[in-house]
Every structure is written in structure tokens, then in C-alpha cells.
Amino acid sequence: MEKIYTTEPTEIEQKVYDILDELGIDYGVVEHEPLYTAEDLNKIKEQAPGLHAKNLFLRNAKGNKYYLIVAEDSKPVNLKEVKKLIGSTNLSFASEDRLMKVLKLVPGSVNPFSLVNDEEKVVELYIEKELLSGELLNFHPNVNYKTVTISLEGLKKYLDHIGVTLNEIEL
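Definitions and cut-offs
- Residues numbered from 1 in each chain as written.
- Predicted model: local features only at pLDDT ≥ 70, side-chain atom pairs only at ≥ 80, totals over all residues.
- Heavy atoms only, no water.
- Polar contact = N/O pair within 3.5 Å; in protein donor to acceptor, adjacent residues only side chain to side chain.
- Helix = DSSP H or I, 4+ residues; strand = E, 2+ residues; numbered from the N terminus.
- Contact = heavy atoms within 4.5 Å.
- Phe/Tyr/Trp six-rings, centres within 6.5 Å; stacked < 30°, edge-to-face > 60°.
- Buried < 20%, exposed > 50% of the residue type's maximum accessible area, 1.4 Å probe, protein only.
- Salt bridge = Lys/Arg side-chain N within 4 Å of Asp/Glu carboxyl O.
- Core = buried A, V, L, I, M, F, W, Y, C linked by side-chain atoms within 4.5 Å.
- Pairing = 2+ DSSP bridges.

Colleague: Please clarify how helix H2 (residues 79-86) should be interpreted in this entry.
Modeller: Owing to its 3.6 residues per turn, the α-helix brings residues three or four apart onto one side. Two to three positions downstream of the cap, the backbone nitrogen of Lys-80 sits 2.8 Å from a side-chain oxygen, assigning the N-cap of H2 to Asn-78. Phi for Gly-87, located one or two positions after H2, is positive at around 70 degrees.

This is the structure:
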């Protein structure tokens, strides 16, 4: 796959590429304007083939458990339903401070790659079943102005390498 860079990768971004390269995983990179919402993904779908996702960084009611819920970009996500499916207390979006503390990221950059920054392994990853169909997947490499296109097998290999369990969820 093609890699298009117009800016030098940041340290947290390079961390992702280094692991992908070390593991021999084929991936493509497209640079674009910063994207902040699932709706913004429509701007890059022609450049980045495959499935696109929204990534929800959530916490439980006590704030002592964190979850990354990854769903197809146009799929509505009901937090009350997700709570039941994953066996959690009430869920809410984690604050910017918590996002920075746990994943060392700013809003709009969260994705499965960012779990490399979860040094204490406190985030549980749940990916929607539809995204696990075998098509190419697209995620930001810890910055929201680039998108990495990767195979499902490549993503699984990456997650396994960083010690993250991929949990399937049907929304």
C-alpha cells in the first residue's frame, strides 16, 4: 500500500509505524485535513479504501475502568446497550484529561493503534462485528490528520504484539 506523508511523523505517530514495520505489516498512509468526527470521515473515503470507524473512549461510573468501543462510522451507538453488552456500570465519555492521562492523546485521535500508549493496560477494546468482516480498515495513527489503511489480520497482529485483547461486540 502507498504511504503519503507531507509532514514528518510525530513521536506518538512514529511509534505506530515502527511497530507495523517491525512486524512486517503492510499498510498505507494518507495525509489530510484534521478530522474530528465520524461525519468528517466522508471527506477521505475515496483516498482511503475500506471500512471507516468511530472510536469511543469511555469510562464506567466510578471512573476506574476504561473502554474503547470501535464501531462502523455511520452506526449509531447506544451507551445503555453497550453497558449491558460489556457488563459495565453506566458509561460516559472520558474527559480530555483522562484521555491524555491514559492514552496520551487529544480528542479526535483515539483508535486501536493508540492502545500502545496504555502503559498500565487499563483500557478494554471492543470492536463491532461488522468491522471484523475482513475488509481493509482505516484508523488514525494517533494523530487526526493522517489515516492508516490496514488489513484486519495486520491489526490483529499489531494488537497481539502490544498485548491487547480484541473483544468482538455486536451493536
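Colleague: Would you mind showing me how to read the environment of Leu-85 here?
Modeller: Within the fold, Leu-85 resides in helix H2. As a C-alpha pair, Leu-85 and Ile-169 span 84 residues in sequence and 7.4 Å in three-dimensional space. In this structure, Leu-85 is in contact with Ile-169, Glu-170 and Leu-171, ignoring residues within four places of it in sequence.

Colleague: Got a minute to help me understand the packing of aromatic side chains in this structure?
Modeller: Inspection of the entire model under this criterion finds five aromatic pairs. On the numbers, 5.0 Å between centres and 85 degrees between planes, the contact of Phe-113 with Tyr-158 is edge-to-face. Here Phe-113 is found in the loop between helix H3 (96-103) and strand E5 (123-128), whereas its partner Tyr-158 is found in helix H4 (residues 152-161), with 45 residues between them in sequence. Here Phe-113 matches Tyr-158 in class, with each residue buried.

Colleague: What's the story with the pattern of salt bridges in this structure? I'm lost.
Modeller: Pairs may arise between side chains of opposite charge once their charged atoms sit close together. Enumeration over the complete set of coordinates arrives at six salt bridges. Between Glu-128 and Lys-75 there is a salt bridge, with the nearest N and O atoms lying 3.1 Å from each other. Separated by 53 residues along the polypeptide, Glu-128 in strand E5 and Lys-75 in the loop between strand E3 (66-72) and H2 bring together distant segments of the chain. Each member of the pair Glu-128 and Lys-75 is classed as buried. Between Lys-129 and Glu-170 there is a salt bridge whose closest N-O contact spans 3.9 Å. Note that Lys-129 is positioned in the loop between E5 and strand E6 (137-139) and Glu-170 in the segment after strand E8 (166-169), a separation of 41 residues in sequence. Its relative accessible area of 42% is what places Lys-129 among the partly exposed residues. A cluster of three or more residues bridged by salt bridges with shared partners is formed by Lys-75, Glu-128 and Glu-130.

Colleague: Looking at this structure, how should I read the nonpolar core?
Modeller: Across soluble globular proteins, nonpolar side chains have a tendency to be buried as a group. Leu-20, Phe-57, Leu-103, Phe-113 and Tyr-158 are the most contacted members of the largest nonpolar core, which totals 38 residues. In this structure, Tyr-158 is in contact with Val-16, Ile-19, Leu-20, Leu-23, Ile-25, Pro-112, Phe-113 and Val-116, ignoring residues within four places of it in sequence. Of all hydrophobic cores here, the second largest spans nine residues; its members include Leu-56, Ile-69, Leu-91 and Tyr-126.

Colleague: Honestly, the pairing of E5 in this entry has me stumped. Any pointers?
Modeller: The two faces of a sheet get side chains in turn, since along a regular strand they alternate between them. Of all the six residues making up E5, five are buried; the element is thus mostly covered by neighbouring parts of the structure. Pairing geometry for E3 and E5, over five bridges, is parallel. Within the sheet, the bridge partner assigned to Val-70 lies in E5 and is Ile-127. Where E5 lies against E8, four bridges are found, and the strand directions are parallel. When the bridges of E8 are listed, Leu-125 appears paired with Leu-166.

Colleague: Sorry if this is basic, but what is going on with unusual backbone geometry here?
Modeller: Across residues other than glycine, the phi torsion is negative in most instances, and most of the peptide bonds are trans. One non-glycine residue, Lys-121, lies in the positive phi region at around 55 degrees. Relative to the helices and strands, Lys-121 resides in the loop between H3 and E5. Judged by its relative accessible area of 43%, Lys-121 falls in the partly exposed class. The backbone of Asn-142 shows a phi angle near 75 degrees, a positive value even though the residue is not glycine.

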